[in-house]
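Residue-level structure breakdown
Each chain, letter by letter, is given below.
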Amino acid sequence: MAKVVVLHGDADELIGEFELDHLPRVEEYIYVPSVDDPSGLRIFKVLEVNHVAEGVPGQPPFGPGPRTFLRYCEEIT
């Protein structure tokens, strides 16, 4: 399992923190839970993967490490 933080678009809008079966790569699609969508899922295309090491002080939107951020995700509708 990979724990990731999903950020949407250029504004780094926080979608949430999720556990995925594996760590996604750039250009891969991910599926995260949604309360607004009738299917119960939101689909995003990952455009950047950032790893923040343990002990690194947090900078918005990142927060302290260790964490993995999926940035510039594009929502697929």
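Our subject is the structure listed above.
Residues numbered from 1 in each chain as written. Predicted model: local features only at pLDDT ≥ 70, side-chain atom pairs only at ≥ 80, totals over all residues. Heavy atoms only, no water.

**Side note on the pairing of strand β1 (residues 2-8)**
With respect to burial, β1 is a largely interior element, five of its seven residues being buried. In this structure, β1 lies alongside strand β2 (residues 13-20), joined through seven bridges in antiparallel fashion. Along β2, the bridge assignment pairs Leu7 with Leu14. Where β1 folds back onto β2 in an antiparallel hairpin, the turn is made up of four residues, including Gly9, whose phi is positive at roughly 70°. In terms of strand pairing, β1 meets strand β6 (residues 67-76) through three bridges, oriented parallel. Counted as the bridge partner of Val5 is Phe69 from β6. (Buried < 20%, exposed > 50% of the residue type's maximum accessible area, 1.4 Å probe, protein only. Helix = DSSP H or I, 4+ residues; strand = E, 2+ residues; numbered from the N terminus. Pairing = 2+ DSSP bridges.)

**Quick word on the nonpolar core**
The biggest cluster of nonpolar side chains holds 11 residues, and these are Val4, Val6, Ile15, Phe18, Leu20, Ile30, Val32, Phe44, Val46, Leu70 and Cys73. For this core, the secondary structure elements donating two or more residues are β1, β2, β3 (29-33) and β6. At three residues, the largest contribution of residues to this core is made by β2. If near-sequence neighbours (up to four positions away) are discounted, Ile30 is found in contact with Val6, Leu20, Pro24, Arg42, Ile43, Phe44, Val46 and Leu70. (Core = buried A, V, L, I, M, F, W, Y, C linked by side-chain atoms within 4.5 Å. Contact = heavy atoms within 4.5 Å.)

**A closer look at the environment of Val6**
Its location among the elements puts Val6 in strand β1. Owing to a relative accessible area of 0%, Val6 belongs among the buried residues under this scheme. Sequence separation between Val6 and Ser39 is 33 residues; the distance between their C-alpha atoms is 19 Å. The residues contacting Val6, other than those within four sequence positions of it, are Glu13, Leu14, Ile15, Gly16, Phe18, Ile30, Val32, Leu70 and Cys73.

**Some details on the pairing of β3**
Here β3 shows a clear split, with Ile30 and Val32 buried on one side and none of Tyr29, Tyr31 and Pro33 buried on the other. Two elements, β3 and strand β4 (residues 41-45), share five bridges in a ladder whose sense is antiparallel. For Val32, the partnering residue across the bridge sits in β4 and is Arg42.

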